[in-house]
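# Geometric and topological summary
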Amino acid sequence: MAAEAPAQPPAAAGEPNHGLRIFIPWLVLSVAADLIIWIAWRPHLPPGTMSSAGANQQFDIAIMAVLAAPVMILVLTYFAYALIVWRQKPGDEEDGPPIHGNTRIQATWIVVSSVIVLFLAVFGTVELFTAQGSGGGEGASAVFTSGVSKPLQVQVIGQQWKFTYRYPQYGGFETTDLVLPTNTWVEFHVTSIDVIHSFWAYQLGVKADANPGVDNIAYTKIYQTGSITVRCAELCGLWHGAMFDYGKAVSPAAFQTWAKATEVQLASVTKVLPPYSLTYDPTEVAQMGKGMVAAGLTGGAGLYYPPTDPEQP
Ligand SMILES: [Cu+2]
């Protein structure tokens, strides 16, 4: 062996340009995969485009898929190329050639990895602090707000094992029915009156922790009417798995009709509720429950209000 081996040995005579033979199929496959992801797959990515928060999350997931596909395809292309081209030939008992460093490949690898990771760090941070992160529940003072002076306020109250909803702009009535208008900024105030829950309205892209004593705010604007699946997304006790219900998004006019009718219908119940507040003291709520049972307003097995239909006020 020579005393001073060159840093990058010249390619053996007759060797094909392996780099180019890997690069070309990688490029073709990556462009094809990214086009398929963006055009065909993106509209089906969760959580859909029913609301502003949902649409923004779908965009974020699509961007990450578009960035990830070429990386995965490079690994698979190299793997396939190595298996096929650098396979040990029958009768070949020699060791392979010694491995040398390759400054160009190493530098490219470090630069490309750094660019992708740093871009994702900046992209993720920006998306969290703008409209895209608005469905996440950013605590009592959200960084991103709707910007409109009077969004519809909906208080989400978690309790074992049910969500109830209060509408402070309609007399503060409380109901088990989540009804929301389209084309209106909704300001959720999420709290709990017992243990930690999490309000997850899947199609809206809203998931906000419901903690006792905490007013957790999340924003979204709904674009389409339809059904909304609500689940508790925080293990909260024996019947956590059964803590779900279905809300609905209706037209602004249908919402007004429903909200005003429900305000009147539930007036006698609203009177004995604690006044609307951003959080509630769990010990007072227990007393309030006893008062409601005494007044004959529940079946005694928890909060129950007659279901109301926004389409048929
Ligand atoms: Cu729960």
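All figures in this text were calculated on a predicted structure; none of them were measured in a lab. (Residues numbered from 1 in each chain as written. Predicted model: local features only at pLDDT ≥ 70, side-chain atom pairs only at ≥ 80, totals over all residues. Heavy atoms only, no water.)

## A word on the coordination of the copper ion
- At the metal site, the copper ion is ligated by His 197 (ND1), Cys 232 (SG), Cys 236 (SG) and Met 243 (SD), and these contacts range over 2.0 to 2.6 Å.
- Classification of the site at the copper ion rests on its four donor atoms, whose angles at the metal span 92 to 125°, yielding the label tetrahedral.
- Counting gaps between the donor residues of the copper ion yields the pattern H-x34-C-x3-C-x6-M. Here His 197, found in strand E6 (residues 197-201), pairs with Cys 232, found in strand E9 (residues 226-232); they are 35 residues apart in sequence, far enough to count as distant. (Donors = N, O, S within 2.8 Å, 3.2 Å for Na, K, Ca; no water. Tetrahedral: all angles 85-135°; square planar, octahedral: opposite > 155°, others 65-115°. Helix = DSSP H or I, 4+ residues; strand = E, 2+ residues; numbered from the N terminus.)

## Things to note about the packing of aromatic side chains
- By the definition in use, this model includes 17 aromatic pairs.
- Between Trp 38 and Phe 59 the ring centres are 6.2 Å apart and the planes differ by 80°, which places this aromatic pair in the edge-to-face class. Of this pair, Trp 38 sits in helix H1 (residues 18-41) while Phe 59 sits in helix H2 (residues 52-85), and the two are 21 residues apart along the sequence.
- A relative accessible area of 29% means that Trp 38 is categorised as partly exposed.
- Classification of Phe 59 as partly exposed rests on a relative accessible area of 32%.
- Centre to centre, the rings of Tyr 170 and Phe 255 are 5.7 Å apart; their planes meet at 85°, and the pair counts as edge-to-face. Highlighted residues: Tyr 170 in the loop between strand E2 (162-167) and strand E3 (173-175) and Phe 255 in helix H4 (residues 252-265), separated in sequence by 85 residues. Taken as a pair, Tyr 170 and Phe 255 share a single burial class, namely buried.
- Grouping aromatic residues by their ring pairs yields a cluster made of Tyr 167, Tyr 170, Phe 173, Phe 255 and Trp 258.
- Above the face of the Trp 38 ring, Arg 42 is positioned so that its terminal group lies 4.3 Å from the ring centre.
- In this structure, Arg 231 packs its charged tip against the face of Phe 244, placed 4.8 Å from the ring centre. (Phe/Tyr/Trp six-rings, centres within 6.5 Å; stacked < 30°, edge-to-face > 60°. Buried < 20%, exposed > 50% of the residue type's maximum accessible area, 1.4 Å probe, protein only. Lys NZ or Arg CZ within 6 Å of the ring centre and 35° of its normal.)

## Thoughts on the sheet that holds E2
- The strand order across the open sheet built from five strands is E3-E2-E1-E5-E8, with neighbouring strands paired in mixed fashion. On the outer flanks of this sheet lie E3 and strand E8 (216-221), each paired with one strand and no other. With direction set aside, neighbouring strand axes in the sheet form an average angle of 25°.
- Of the strand pairs in this sheet, strand E1 (residues 152-159) and strand E5 (residues 185-192) are connected by seven bridges, and their pairing is parallel. Within the sheet, the bridge partner assigned to Leu 152 lies in E5 and is Val 186.
- Packed onto the sheet, H4 meets E1, E2 and E3 and runs at close to 105° relative to E3. (Pairing = 2+ DSSP bridges. Axes fitted to C-alpha atoms, helices over the stretch in contact; angles between N-to-C directions. Contact = heavy atoms within 4.5 Å.)

## Considerations on H1
- The terminal C-alpha atoms of H1 lie 32 Å apart, and with 24 residues this matches the ideal 34 Å at 1.5 Å per residue to within 8%.
- Within H1 the residues assigned to the buried category are His 18, Ile 22, Ser 30, Ala 33, Asp 34 and Ile 37.
- In this fold, the buried residues of H1 make contact with H2.
- At the N-terminal boundary of H1, the capping side chain belongs to Asn 17, with an oxygen 3.3 Å from the backbone nitrogen of Gly 19. (Expected span 1.5 Å × (residues − 1). Polar contact = N/O pair within 3.5 Å; in protein donor to acceptor, adjacent residues only side chain to side chain.)

## A word on the packing of H1 against H2
- Running from N to C, H1 and H2 cross one another at 150°; their axes reach a closest spacing of 8 Å. The pairing of H1 with H2 is recorded here as roughly antiparallel in orientation. Where H1 crosses over H2, the two elements pack in a sense that is right-handed.
- The residue makeup of the contact of H1 with H2, split by class, is 20 nonpolar, three polar and two charged. (Parallel < 35°, antiparallel > 145°, perpendicular 65-115°, else oblique. Left-handed = near helix turned anticlockwise from the far one by under 90°. Nonpolar A, V, L, I, M, F, W, Y, C, P; charged D, E, K, R; others polar.)

Shape descriptors only; they carry no functional weight alone.
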